[in-house]
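Architecture and fold: a report
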Amino acid sequence: MGLFGDDFYSTKVSRRAEPVQKGKLQIIRPGGRDRWQNPRRSRSGISSTVKVAVISSVISSIVTVTLFSFIMQPASIPLANATGNGGNGSNVQAAQTADPYDRIIQAAAEVRPSVVSIVNHKTGGSLSMEDSALGSGVIFKKEDGKAYIMTNHHVVEGASDLEIVTVEGETHKAKLVGKDRVSDIAVMSVEDAKGIGPVAEIGDSSKLQRGQTVLAIGNPLGLGGTLTSGIVSYTDRILPVSINQDGVYDWEQNVIQTDAAINEGNSGGALVDLNGKVVGINTMKISDTGVEGLGFAIPMNEVMKTVDSLLLNGKVSRPYLGVYTVDLSNPYAPLDDEQRKDLKLPSHVDSGVVVLEASGPASEAGLKLNDVITEFDGQKITSTLDLRKYLYDEKKIGDTIEVTFYRDGNAEKVSVKLTDKPE
């Protein structure tokens with residue numbers, strides 16, 4: 001169908017038209033068998049033909065101009081059946097009619113007052129800015145006269161005193177409510193919410209699409225209230241991370257990849273869509289020679305799960321086994337032949353985790369130094385990452401887990417009851 005409900009539009013008269021006499025006018029009805037026949041071949045007939053041609057030309061011009069205007073004017077394009085995230089089945093919101101630059105300005109104006117700068121005065125340091133670490137945070141809640149700010153765990157780590165600075169330059173003392181190293185999320189509170197900016201609107205990160213415009217708002221290098229823009233490069237990138245910063249990957253972080261500029265101090269700030277909603281918390285970037293536009297944010301849907309737990313309990317409760325391990329086949333720190341000989345492992349055991357320290361439930365169950373764990377509940381464990389993901393994804397506090405391990409070359413099994421990790 002065409003734009004006007006017809007198959008096409010034409011100024012030409014159809015050959016299959018039947019003339020009907022009505023006074024001095026000729027009315028054309030589609031579907032006749034005969035060609036146009038003029039009863040009188042006179043100058044008035046020629047004049048009528050000219051009039052028809054002129055009228056047809058005028059109508060054609062009007063239609064052309066109308067069609068051009070219809071095509072060129074900004075329109076809302078429904079995308080309800082499209083899917084984002086490479087086909088994850090989520091509905092995509094309709095494209096907005098406003099100019100994209102106007103939308104960037106509007107979104108920034110809405111969210112910028114909700115983003116604060118965070119000053120972390122390190123333990124044992126002075127209260128001067130030179131001896132402090134800087135980051136960003138997002139105001140997400142006000143209740144009972146208090147304001148609550150979310151940020152990254154690594155922004156507040158090691159703090160003796162915390163302060164926030166609003167976009168207007170007002171400084172407020174902040175208190176740590178709770179933090180979680182695994183998810184890299186922390187929550188702070190300010191006792192008096194007066195002078196604190198508005199609460200940010202939380203968006204649905206599951207509806208993000210690749211190529212969607214986003215803004216990063218934060219405090220890079222101490223330049224508070226900074227705005228950068230880019231696109232969503234990837235909606236659900238999985239990155240290995242080292243929780244203990246020891247160079248061994250022991251967790252996987254689900255992140256949003258963006259090319260919006262993220263620099264030191266942006267951590268904990270907001271990743272914002274053009275609707276003025278916070279869809280992620282900026283957390284890291286890849287910085288290396290020849291690398292550009294590789295920034296990452298934690299999806300808001302995952303952030304809020306952690307935030308809710310921190311508000312309720314001050315921590316995120318996860319099952320605790322009580323082992324500190326190193327990978328048997330770690331490519332970055334491989335065991336030498338003498339170390340493997342001390343473990344007395346059979347030749348077919350080429351993966352697993354070596355226990356360096358056992359405490360809590362593991363120690364009570366009898367696990368000890370140099371035990372090599374290879375299975376949990378019959379499922380193969382090849383690395384510390386596998387160990388932690390199985391515990392956190394498959395188990396809960398109070399569950400019992402069957403651990404298969406090698407000691408002095410012999411395979412053994414032991415059941416361990418998982419507890420909550422101590423403070």
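Residues numbered from 1 in each chain as written. Predicted model: local features only at pLDDT ≥ 70, side-chain atom pairs only at ≥ 80, totals over all residues. Heavy atoms only, no water.

Considering only enclosed or pocket space, the second largest pocket measures out at about 1000 Å³ in volume. Along its surface, the second largest pocket is lined by 36 residues, and Val182, Tyr320, Arg388, Tyr392 and Lys421 are the ones closest to its centre. When contributions to the lining of the second largest pocket are tallied by element, the ones reaching two or more residues are strand 7 (171-180), strand 16 (319-320), strand 17 (323-327), strand 18 (353-358) and helix 7 (384-394). When residues of the lining of the second largest pocket are assigned to their parent elements, the largest contribution, 5 residues, is made by helix 7. Broken down by class, the residue content of the lining of the second largest pocket amounts to 15 nonpolar, 9 polar and 12 charged. (1 Å grid on protein atoms, 1.4 Å probe; cavity = no way out; pocket = protein on both sides within 12 Å on 5 of 7 lines; lining within 4 Å. Points joined across faces, edges and corners; volume = space filled by probe spheres on them. Helix = DSSP H or I, 4+ residues; strand = E, 2+ residues; numbered from the N terminus. Nonpolar A, V, L, I, M, F, W, Y, C, P; charged D, E, K, R; others polar.)

Let us now look at helix 2 (residues 100-111). The terminal C-alpha atoms of helix 2, which comprises 12 residues, lie 16 Å apart, in line with the 16 Å expected from a rise of 1.5 Å per residue. Those residues of helix 2 that fall on the buried side of the exposure criterion are Arg103, Ile104, Ala107, Ala108 and Val111. Taken down its axis, helix 2 places every buried residue within 130° of arc, on the same side. Facing away from the buried surface of helix 2 by more than 90 degrees, the exposed residues are Tyr101, Ile105 and Ala109. Buried residues along helix 2 sit against strand 3 (115-122), strand 10 (213-218), strand 11 (226-241), strand 13 (270-273) and strand 14 (277-285). (Expected span 1.5 Å × (residues − 1). Buried < 20%, exposed > 50% of the residue type's maximum accessible area, 1.4 Å probe, protein only. Arc of directions from axis to C-beta. Contact = heavy atoms within 4.5 Å.)

Once that is clear, we can look at the nonpolar core. Judged by nonpolar contacts, the single largest core of 26 residues is most densely connected at Met150, Val303 and Val307. Among the elements of the structure, helix 2, strand 4 (132-143), strand 5 (146-151), strand 8 (185-190), strand 10, strand 13, strand 14 and helix 4 (300-313) are those that each provide at least two residues to this core. Counting the residues that make up this core, at least three belong to each of domain 1 (111-190) and domain 2 (205-313). Excluding anything up to four places from it in sequence, Val303 contacts Met150, Ile185, Ile281 and Ile298. Among the nonpolar cores identified, the runner-up in size contains 18 residues, and Leu367, Tyr390, Leu391 and Phe405 belong to it. (Core = buried A, V, L, I, M, F, W, Y, C linked by side-chain atoms within 4.5 Å. Domains from an automatic or database assignment.)

Sheet architecture is closed into a barrel: 6 strands sit in the order 3-4-5-8-7-6, paired in antiparallel fashion. The average undirected angle you get between the axes of adjacent strands in this sheet is 40°. Examined bridge by bridge, strand 6 (residues 159-165) and strand 7 share 4 bridges and lie antiparallel to one another. For Glu163, the partnering residue across the bridge sits in strand 7 and is Lys173. Sheet strands touched by helix 4: strand 4, strand 5, strand 7 and strand 8. Its angle to strand 8, the strand with the most contacts, is close to 55°. (Pairing = 2+ DSSP bridges. Axes fitted to C-alpha atoms, helices over the stretch in contact; angles between N-to-C directions.)

Below, the discussion takes up the confidence of the model for the chain. Low pLDDT marks stretches whose predicted atomic positions should not be read closely. Per-residue confidence for the chain gives a mean pLDDT of 82, with 75% of residues at or over 70. The low-confidence segment residues 1-43, where pLDDT is below 50, has 41 contacts with residues more than four positions distant or belonging to other chains. This stretch, residues 74-96, has a pLDDT under 50; its non-local contacts, to residues over four places away or in other chains, come to 36 contacts. (pLDDT = per-residue confidence, 0-100.)

Before going further, it helps to spend a moment on the pairing of strand 5. Of all 6 residues that make up strand 5, 5 are buried, and the element is covered over most of its length. Bridge analysis of strand 4 against strand 5 gives 5 bridges, and the strand direction is antiparallel. Within strand 5, the position partnered with Val138 by the bridge is Met150. Note that strand 5 and strand 8 share 5 bridges and pair antiparallel.

A contiguous patch of negative charge on the surface is contributed by Asp336, Asp337, Glu338 and Asp342. Following the sequence through the fold, Asp336 ends up in the loop between strand 17 and helix 5 (337-343). With relative accessibility at 39%, the residue Asp336 sits in the partly exposed group. (Patch = residues over 30% accessible without salt bridge, like charges linked within 9 Å, V, L, I, M, F, W, Y side chains within 5 Å. Areas by Shrake-Rupley, 256 points an atom, 1.4 Å probe, with all protein chains shown as cover. Salt bridge = Lys/Arg side-chain N within 4 Å of Asp/Glu carboxyl O. Lys, Arg positive; Asp, Glu negative; His and termini not counted. Charge placed at Lys NZ, Arg CZ, Asp CG, Glu CD.)

Looking now at the pattern of salt bridges. Working definition: two side chains of opposite charge can pair if their charged atoms are close together. On inspection of all chains with the given rule, the structure shows 12 salt bridges. We note a salt bridge from Lys277 to Glu201, for which the minimum N-O separation is 3.7 Å. In this pair, Lys277 sits in strand 14 while Glu201 sits in strand 9 (residues 201-202), placing the two residues 76 residues apart along the sequence. Taking relative accessible area as the criterion, Lys277 reaches 25% and is therefore assigned partly exposed. Taking relative accessible area as the criterion, Glu201 reaches 44% and is therefore assigned partly exposed. Across the salt bridge formed by Lys395 and Asp377, the nearest N and O atoms sit 3.0 Å from each other. A residue pair is termed long-range when its members are at least 10 positions apart, and Lys395 in the loop between helix 7 and strand 21 (400-407) and Asp377 in the loop between strand 19 (372-376) and strand 20 (379-380) qualify at 18 residues.

Quick look at the packing of aromatic side chains now. Tallying each qualifying case throughout the model produces 3 aromatic pairs. Summarising the aromatic geometry, the rings of Phe140 and Tyr148 are spaced 6.5 Å apart at their centres and angled 50° between planes, so their arrangement reads as tilted. Cation over ring: Arg210 sits above Tyr234, and NZ or CZ is 4.3 Å from the ring centre. The lysine or arginine in question, Arg318, covers the ring of Tyr392, its NZ or CZ lying 5.4 Å from the ring centre. (Phe/Tyr/Trp six-rings, centres within 6.5 Å; stacked < 30°, edge-to-face > 60°. Lys NZ or Arg CZ within 6 Å of the ring centre and 35° of its normal.)

On to the environment of Asp386, then. Looking at the secondary structure, you find Asp386 in helix 7. For Asp386, a relative accessible area of 27% gives the class partly exposed. Distance from Asp386 to Val353, taken between C-alpha atoms, is 9.5 Å for residues 33 residues apart in sequence.

Nonpolar side chains collect at one region of the surface, where Tyr324, Leu356 and Leu369 lie side by side and expose about 290 Å² of accessible area between them. Accessibility expressed as a relative area gives 40% for Tyr324, which makes it partly exposed.

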